Each structure stands twice: as structure tokens, then as C-alpha cells.
Amino acid sequence: MIKNLEAIRSRADIVEVIGSFVPLKQQGRNFVACCPFHGEKTPSLVVNDSRNLWHCFGCGAGGDSFKFVSEFEKCDFTTAVEKVAALCGSEVVKSRENGELKGVFEFYEALNEFFKASLRKNEVLQEYLFKRGLQKEDFESFNIGFCPSNNEVLAWLKKKNFTALAEKLGVLKKGFCLFAGRITFAFLQENKIIGFSGRVTPDFKPHGDFVPPKYINSSESAVFKKSEFLYNFTHERKNIATLGECFVCEGFFDAIALSKLGVKGAVATCGTAFSEGHLKKFARLNARLNFVFDNDTTGFEAARKAGILAYNAGFFDARVGVFKRELRRKKDAGEILKEFSGVKAARELDANSLYDFYSVFEFVARCELRLAKNTREAQRVLNAAKERFANCKEELFRAQFEKELEAVFAVKLNTPPLGAAKNLSKPNLILAKMVKSLLNLPRENLKSILEFYSFAFCGAFSSSLSEFVKTGELDERLRALELDARVGVVFDESLAALLRFFYCKWCEEQIAKASVKKDFDLVVSLSQKLERANGG
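In this text the structure is predicted, and so the values were computed from the model without any measurement.

### As for the overall build of the protein chain
Moving on, step 1. Across its full length, the protein chain carries 24 helices and 16 strands.
Moving on, step 2. Counting the 536 residues in the protein chain, one finds 48% classified as buried.
Moving on, step 3. In the protein chain, the proportion of contacts linking residues at least 24 apart, taken out of those at least 6 apart, comes to 66%.

What follows is the structure, encoded as C-alpha cells:
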């Protein structure tokens, strides 16, 4: 085992390493060369310095420095690491798996078998898992088990002489098992179990007023780092490398559900936000990241943060998946699988049949603009988006991001950002001021106001406001209004005065039209509304 593998990987300059085997030519931020692994005259091998990766668009080969040297020299991984270390002036430090570490792995393996055996005996819990769409073979495939009562665990640990080690690893704390009475998920890494997570069961009983967390994870140790671990990654690593796609979920059940629904490359974070530690795993795989978090406010915010992290690290092709419209009532992939209850037809689905995908650039911009409460904040969001755009040096993505930026903010990059919004070249500024002021109100208040006054008096904005009240979504016209610096906002009595003015003006116009048509019933009705609006 190479003890300082990550240090060598970080120190190695991939351009220098590959450049010592084949001639490289700079092209933008990347370097290109004719691929040595298949015959070609036009360079199709691209070396990305920022992500420390190479990829051939001709034959599909790719990876990190170690992978290139291993393929080029036709040597094993350890030899490739030694050659790379020599090229970058590093020394390989090797360590042997000591007896203590070996004992940890043996303990976790035995504990996992104990948990799985306990699940096989618990028919009630199995039935619960079946209703969630799982089948018996999934318990083995995904290392799912059940931790029985505390007394049973203590007896088993004593019998196997594991009590002291369980206390040292945090499985036992003050005589109580961390996972007692919980569904267990074993954490697998390089085919070794490095820890567990325990989830409450449907009939889990809290202790007094204490409400326990839904999930409890193993304590961090020499073999387990929560901020770096991804559940199901070991199983899916080959699929991720082969297909060049990874789907990152929030929960273990979601990763399992996507796998069973037919989506290859599904993994899950371990009760923590997606971090730089997780990104390290993908820097060596040349795979596109797809964040498919829960379909709620918390999930969208987590996806926004993960998207920014990935974008800033150079993963410009990363995407965020949002459930398709017909699935929007579902919270997560687990709920979709639950409907299938393990039916084989579920496996015919794929990611594109479940999600609409957006670039992280567009998704982040839309999320942040939606949170903007006024023109000043919207301008700040636009400036941040333009800065992110400027930081993207990859020509492959710049054209795409430019179109997305212009579509989201209704601006052109070569024109002043505000005041040049579409559909407002010659606005009625007073009416626009009233509508923009209405958008600053809570949607329920806006709904009540417009139900009393009707939508029609808002002129060109009527249908847009009607749709906003129904869906909470700003269309292009209203988004442009939000970003137009020429249009200010008013509040309270000033807004009420504007409402009365435009409503009364509209009523008078409608009365005049009804009179011409001799529709006297309508004249009477509108006159009564006009009188009420004027305080009569």
C-alpha cells in the first residue's frame, strides 16, 4: 500500500507527466496531442490541467497521470505511481496494513454479517423495505441490515470478544450501541467495510422527550472520513468511469432507488453537504457530475451550493436534475421506486426519463434570482453570474453559458445590464411601478388584492400576474421588469393610491364601452365597483 499516494497525485503536473511521453500543444486552457493509444493524424487527446485529467475523444481512453503512464508503459498501478513520483521529484512511501487496521476491517465485516442476519429474522422490517420497492437480493447487494436491541448486540460483542474494539471505534458509547434498533447500511470502500449508518425504523420509539436523528453514522476514524465518503461509489465506480456520468443523491435510499430504476452511476453523500473531499474522487474519473437532490427547498439550496463548488473547481459540465413536471409531486427517487414496489419494469427507466437537467451555471443563476427581493439584489445576482461566466475559460462551454445568462436575465452581454430588458423599451413607467411594487408583496396578499380588483386593469401585465399568482414563477416580462433600473417601487399608501387610480381608470373605460353597446347591466355593475373603489 502506498501511504503518500494523494500527495504524489497532487504534486504531479499532468502536463509535464504526459508531455514527457508525447508532444503537447497548448489550445486555450487545455493541451492537445495525437493519442498514442490509437492511430490518428489529428490531435484528439486533451489534457486538462485544472482538473488533472486527460481524455481522448477518438478512442475514449482517459484518466489521471497514473492511468496514462500505466497504459503507455503497459505496467501495473504501483509501478506507474513510482514512475510518476520520479518525474515530479517525489518519494514513494509504502506501508503495510498493520495488525490493528486488519482487526478493524475484520470486526466491521463480522458486524455487517451480524446485522444482515438480524434483518433476515425480522419479517416486519423486511415487509417495510419491500413496500419501499426493495427485494431480498437488494439486502445483500447494498449491504443493508438491522441492528437488534442493545442487549443482543452487547451479548454478541462479548461472545466474539469485540467489546473493547467496538468502544474504541465508537460503535459502543457508555454501554449503548450507536445503531441499536436501526436499519443499517454498510460503508464499502475498496471492497472493505469502513463504517456504518443507522436509520430509524418506522416503529422507532424515542427516549422520553428526546427525538433522535433520522440517521447516525460511524465516528470518523483512520479508515472513514465522512466528508470524503460516497455511499454506493465502490459498486458504481466502473459504471461511472465507463459511462462518464455520476448521479449524486442526498440519501442512501435514493441512490439505491435510482440504481433499481435503471440509472447507473448513482451515489449518495453521507449525511453531509457535498464537499471538496467528494470532488477529489471525480477529478480522477473524467465523469460529469449530476446533482439530483430532494425535490424541496432544502434540496434545491443544497444543489445550488454543490453546483457552485463544482463550477469553481472547473467542473463546467456539471448539471442539476429536477424532476420532470409529471413527477414534481414526488420528494425523491425513493418515492418513485415505492410506487413500483420492486416491479422489474422499473429497470426500463433512465435518468432522462426522470429528470430535466440544467447546467449548474443556469440553475444557480435561476435559484439566486428567485431569492432576490428587489432590483438591487437582482443586479447583484446578475453581477455574480457575469463574474462566474468570466471565470470560465473553456470555449466549449462559454457559448452555452452566454445564451443561458441572457435567457435567465433577459439581457445582452454587450448592452447595459439593467434598463435594457426585453419588452420594456417604452414602458408605461407608472403602471410598471405599480406592478413591480405588487411583486414585492407576499404572494397570498397579492392574490387577495387582485381577486378584489381583478387582473384586467393591469394592462399588458395582466396575464403575467395571473400566472405568477398561480405558480409563483416570474415569466420573461415580469423578470425583465424586476431587472429594469428605471422602474422604482412604492409601498403602503402610495401603492394603494396607484391601485385605485388604475382600477378606477379601467372601470371608467369599461363603462364607456358598455354604454356604447347599450349593455346597461354591465354599466350598473361597473359603476358599483367604481363606487366601492372610491370608498363609496
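### Side note on the sheet that holds strand β6 (residues 144–146)
Moving on, step 1. In space, the four strands of this open sheet follow the order β6-β9-β10-β11, with antiparallel pairing throughout. Only two strands of the sheet have a single partner each, and these edge strands are β6 and β11 (215–217). Between one strand axis and the next, the sheet turns through 30° on average, direction left out of account.
Moving on, step 2. Bridging between β6 and strand β9 (residues 182–189) involves three bridges; their strand directions are antiparallel. Within the sheet, the bridge partner assigned to Phe-146 lies in β9 and is Ile-183.
Moving on, step 3. Helix α11 (residues 252–261) rests against β6, β9, β10 (192–200) and β11 of the sheet, and its axis sits at about 70° to β9.

### Topic: the side chain of Asn-232
Moving on, step 1. With respect to the secondary-structure elements, Asn-232 resides in the loop between β11 and α10 (233–243).
Moving on, step 2. In this structure the side chain of Asn-232 is engaged in a polar contact, spanning 3.5 Å, whose partner is the side chain of Ser-259.
Moving on, step 3. Once residues within four sequence positions are removed from consideration, Asn-232 is found in contact with Phe-142, Ala-255, Ser-259, Ala-266 and Val-267.

### A word on helix α16 (residues 360–371)
Moving on, step 1. Counted at 1.5 Å a residue, the expected span for α16 with its 12 residues is 16 Å, and the 16 Å between its end C-alpha atoms agrees.
Moving on, step 2. In terms of burial, α16 is a largely internal element, nine of the 12 residues being buried.

### Observations regarding the pairing of strand β12 (residues 245–249)
Strand residues, when the strand is regular, have side chains that alternate between the two faces of the sheet.
Moving on, step 1. Here β12 lies mainly inside the structure; five of its five residues are buried.
Moving on, step 2. Residue alternation in β12 divides its side chains into two sets, Glu-245, Phe-247 and Cys-249 and Cys-246 and Val-248, and both sets are buried.
Moving on, step 3. Here four bridges tie β12 to strand β14 (residues 288–291), and the two strands are oriented parallel to one another. Each residue of the ladder has a partner; that of Val-248, found in β14, is Phe-291.
Moving on, step 4. Where β12 lies against strand β13 (residues 266–268), three bridges are found, and the strand directions are parallel. Each bridged residue has a counterpart across the sheet, and for Val-248 the counterpart in β13 is Val-267.
Moving on, step 5. Each parallel crossover has a hand, and the one from β12 via α11 to β13 is right-handed.

### Structural notes on the pattern of salt bridges
Moving on, step 1. One pass over the full model with this rule turns up 15 salt bridges.
Moving on, step 2. For Asp-138, the salt bridge goes to Lys-260, with nearest N and O atoms at 2.9 Å. Taken together, the residues Asp-138 in helix α7 (residues 136–141) and Lys-260 in helix α11 connect sequence positions 122 residues apart. Lys-260 carries the same exposure label as Asp-138, and that label is buried.
Moving on, step 3. Arg-288 is the partner of Glu-245 in a salt bridge, and the nearest nitrogen-oxygen pair spans 2.4 Å. Placement of Glu-245 in strand β12 and of Arg-288 in strand β14 is noted, with a sequence separation of 43 residues between them.
Moving on, step 4. The exposure class assigned to Arg-288 is partly exposed, which follows from its relative accessible area of 24%.
Moving on, step 5. Among the ionic contacts, a cluster of salt bridges with common partners joins Glu-301, Arg-304, Lys-305, Glu-368 and Arg-388.

### Side note on the packing of helix α20 (residues 443–453) against helix α21 (residues 462–471)
Moving on, step 1. At a closest axis distance of 10 Å, the pairing of α20 and α21 adopts a crossing angle of 135°. With respect to their mutual orientation, α20 and α21 come out oblique. For the element pair α20 and α21, the recorded crossing hand is left-handed. In this structure, α20 uses Arg-443, Leu-446, Lys-447 and Leu-450 to contact α21, whose residues at the interface are Leu-465, Phe-468, Val-469, Lys-470 and Thr-471.
Moving on, step 2. Its residues assigned to classes, the contact of α20 with α21 comprises five nonpolar, one polar and three charged.

Cut-off values and rules
- Residues numbered from 1 in each chain as written.
- Predicted model: local features only at pLDDT ≥ 70, side-chain atom pairs only at ≥ 80, totals over all residues.
- Heavy atoms only, no water.
- Helix = DSSP H or I, 4+ residues; strand = E, 2+ residues; numbered from the N terminus.
- Buried < 20%, exposed > 50% of the residue type's maximum accessible area, 1.4 Å probe, protein only.
- Contact = heavy atoms within 4.5 Å.
- Pairing = 2+ DSSP bridges.
- Axes fitted to C-alpha atoms, helices over the stretch in contact; angles between N-to-C directions.
- Polar contact = N/O pair within 3.5 Å; in protein donor to acceptor, adjacent residues only side chain to side chain.
- Expected span 1.5 Å × (residues − 1).
- Right-handed = clockwise from strand over helix to strand, strands pointing away.
- Salt bridge = Lys/Arg side-chain N within 4 Å of Asp/Glu carboxyl O.
- Parallel < 35°, antiparallel > 145°, perpendicular 65-115°, else oblique.
- Left-handed = near helix turned anticlockwise from the far one by under 90°.
- Nonpolar A, V, L, I, M, F, W, Y, C, P; charged D, E, K, R; others polar.

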